[in-house]
Structures are given as C-alpha cells and as structure tokens.
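# Topology and contacts: notes
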Amino acid sequence: MKISQATYAGSSTRVAQKPARRLPEIAFIGRSNVGKSSLINMLTGRSRLALTSSTPGKTKAVNHFLINDKWYLVDLPGYGYAKLPNKLRDEIAEVIREFIMESPDLAMLFVLIDSRHDIGKIDIDFLSELGEHGIPFGIIFTKTDKLGPVALQNQIDRDCAILSQTWEELPPMLASSSSSGSGREEILSFIESILKSL
Ligand code: GTP
Ligand code: MG
C-alpha cells in the first residue's frame, strides 16, 4: 500500500471527542518508549507527524492521523511507565482503556514489544485482557536495528514460547525498525489486508 496522504486529525482523551468522521482505525500501543510514535512516522514517511522523545511518557492522549482520506493511524499513550505521578498514570490508563474497549471503529491494535528484551508481565497481562474482550490484535517487535538477525530470531522464539504458555494460537507477528525502515512493506501490506477484509 502506498501512503499518499497523512495528516494530523486530532487529539482526544475521551472516545466522544475523537474525530467526528468515522473511518477504520489501526492503532499502536505498548510500553512507554517502545517506539509507537516513531513507527507511525516511519510508516507514513513523515518524520515529524507523531511527536517522539527519548523520555518515556511523551504521548499522553489519543492522536488520530488521517491516511489517504480513508482510514486512521492512531497513536496511543504508552503503558507501564513507573516514573509518572500516580494520578497521571491512572488517567492515562483510563484514556487507553476507554479507547480500546469503546471505540467501535478499532479494526486492529498493534501491540509493540521491544525486541531487545523478553516480553514482560505487563505486556502478557495486557494481551490477556485484549483476548478476554475480543479485541483484534497483532504484535510488532520494534527497534530491530539494535540486534543482529540471529539474536532477533532467538528473542522472537523466546517470546513465542512465553506467549504459548497462555495462548493456544499466537497472534500475527511482525518486526520493524524505525531507524532503518525495515518491516515497513510487511506492516503496510498487513494493514491493507485488514482494511480490505472489513
Ligand atoms: P511514549 O509516547 O513516550 O509512550 O513513547 P513511544 O512508544 O511513542 O516511543 P517513541 O517513538 O517516542 O520513541 C522512543 C525512543 O526510542 C526515541 O528516542 C526514539 O528515537 C527511539 N526509537 C524508536 N524506534 C526506534 C527504532 O526502531 N530503532 C532505534 N534505534 N530507536 C528507536
Ligand atoms: Mg509516543
């Protein structure tokens, strides 16, 4: 799929405030700093569309980006950032929960996992919750430029083994590097197939 148009369409903290025009949403979630906003910029080819930062907790609201005038890429805040004040962390958790559970237009949620580390309890619990609520999701391993192909495959195999303890069938899995652009074609083709199936 070619992305010919990518524009910021609004920020919201409640589902009722999201852009009025209803189109399918493809959203990105994961631990704070895992690379959600960077991946959106890499996919759209627009380096400053979504704001990124080396300090975790950058994205605090739900950001919609209109793509090709047909669908939205949605950048969500990260979960699991321990250093945020409790009140702000609870507020962000509620923003995430409400969007995921209550947006009728959510077509696919990509859960991003840092390919350098074992998938954590917080991610496993989050995936279980998605399963319980029947939310369609896939996994994207990020920052693959930080390790070689063998180490990457070993890490993915380890994460699959961990996930197999709770999941009978594993979700679709992809890998990406926002620095090198690797994974871009695969992710865009996957999104295209989801949009076609709606
Ligand atoms: P929050 O909005 O704070 O939850 O973070 P986020 O998940 O949106 O992460 P963001 O895209 O802001 O990236 C966090 C940091 O990781 C930044 O310093 C990025 O430059 C870096 N980063 C993101 N993706 C990659 C990648 O693929 N490779 C490398 N090497 N660094 C990356
Ligand atoms: Mg972000």
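The shown structure was predicted, so the numbers you read here are calculated from the model rather than taken from an experiment. (Residues numbered from 1 in each chain as written. Chains lettered and ligands numbered in written order. Predicted model: local features only at pLDDT ≥ 70, side-chain atom pairs only at ≥ 80, totals over all residues. Heavy atoms only, no water.)

## Side note on the coordination of the magnesium ion (ligand 2)
- Bound to the magnesium ion (ligand 2) on the protein side are Ser 37 (OG) and Thr 59 (OG1), at distances that span 2.1 to 2.2 Å. Here the residue Ser 37 occupies a position in helix H1 (residues 36-44), and Thr 59 occupies one in the loop between H1 and strand E3 (62-67), the gap between them amounting to 22 residues.
- A relative accessible area of 8% means that Ser 37 is categorised as buried.
- In this structure Thr 59 comes out as buried when scored by relative accessible area, which is 11%. (Donors = N, O, S within 2.8 Å, 3.2 Å for Na, K, Ca; no water. Helix = DSSP H or I, 4+ residues; strand = E, 2+ residues; numbered from the N terminus. Buried < 20%, exposed > 50% of the residue type's maximum accessible area, 1.4 Å probe, protein only.)

## Some thoughts on the site of ligand 1
- Lys 36, Ser 38, Lys 58, Asp 145 and Ser 178 are the nearest of the 21 residues found near ligand 1.
- Between ligand 1 and the protein, one listed contact pairs an oxygen atom with a side-chain N or O atom of Ser 32 at 3.3 Å.
- Ser 37 places a side-chain nitrogen or oxygen 2.9 Å from an oxygen atom of ligand 1.
- When the free accessible area of ligand 1 is taken as 650 Å², the share hidden by the protein chains comes to 86%. (Near = heavy atom within 4 Å. Polar contact = N/O pair within 3.5 Å; in protein donor to acceptor, adjacent residues only side chain to side chain. Areas by Shrake-Rupley, 256 points an atom, 1.4 Å probe, with all protein chains shown as cover.)

## Quick notes on the sheet that holds strand E2 (residues 25-30)
- With mixed pairing, seven strands are arranged side by side in an open sheet as E1-E3-E4-E2-E5-E6-E7. With one partner strand each, in any of the chains shown, strand E1 (6-12) and strand E7 (173-175) form the two edges of the open sheet. Taking the axes of each pair of neighbouring strands and ignoring which way they run, one obtains an average angle of 25° across the sheet.
- Pairing of strand E6 (residues 137-142) with E7, which is carried by three bridges, proceeds in the parallel orientation. (Pairing = 2+ DSSP bridges. Axes fitted to C-alpha atoms, helices over the stretch in contact; angles between N-to-C directions.)

## So, helix H5 (residues 184-197)
- When the terminal C-alpha atoms of H5 are compared, their 20 Å separation across 14 residues agrees well with the 20 Å that a helix rising 1.5 Å per residue should span.
- The inward-facing, buried residues of H5 abut E2, H1, strand E4 (71-75), strand E5 (106-114), E6 and E7. (Expected span 1.5 Å × (residues − 1). Contact = heavy atoms within 4.5 Å.)

## What about the side chain of Asp 123?
- Note that Asp 123 resides in helix H3 (residues 121-132).
- Classification of Asp 123 by relative accessible area gives buried; the value is 3%.
- Residues within four places of Asp 123 in sequence aside, it is in contact with Arg 31, Tyr 79 and Ile 113.

## Points about the pattern of salt bridges
- Applying the stated criterion across every chain yields a total of 14 salt bridges.
- Here Asp 125 ties to Lys 121 by a salt bridge, and the two come within 2.6 Å at their closest N and O atoms. On the criterion of helical spacing, the pair formed by Asp 125 and Lys 121 is a turn pair, its members being four residues apart in helix H3.
- What makes Asp 125 partly exposed here is its relative accessible area of 38%. (Salt bridge = Lys/Arg side-chain N within 4 Å of Asp/Glu carboxyl O.)

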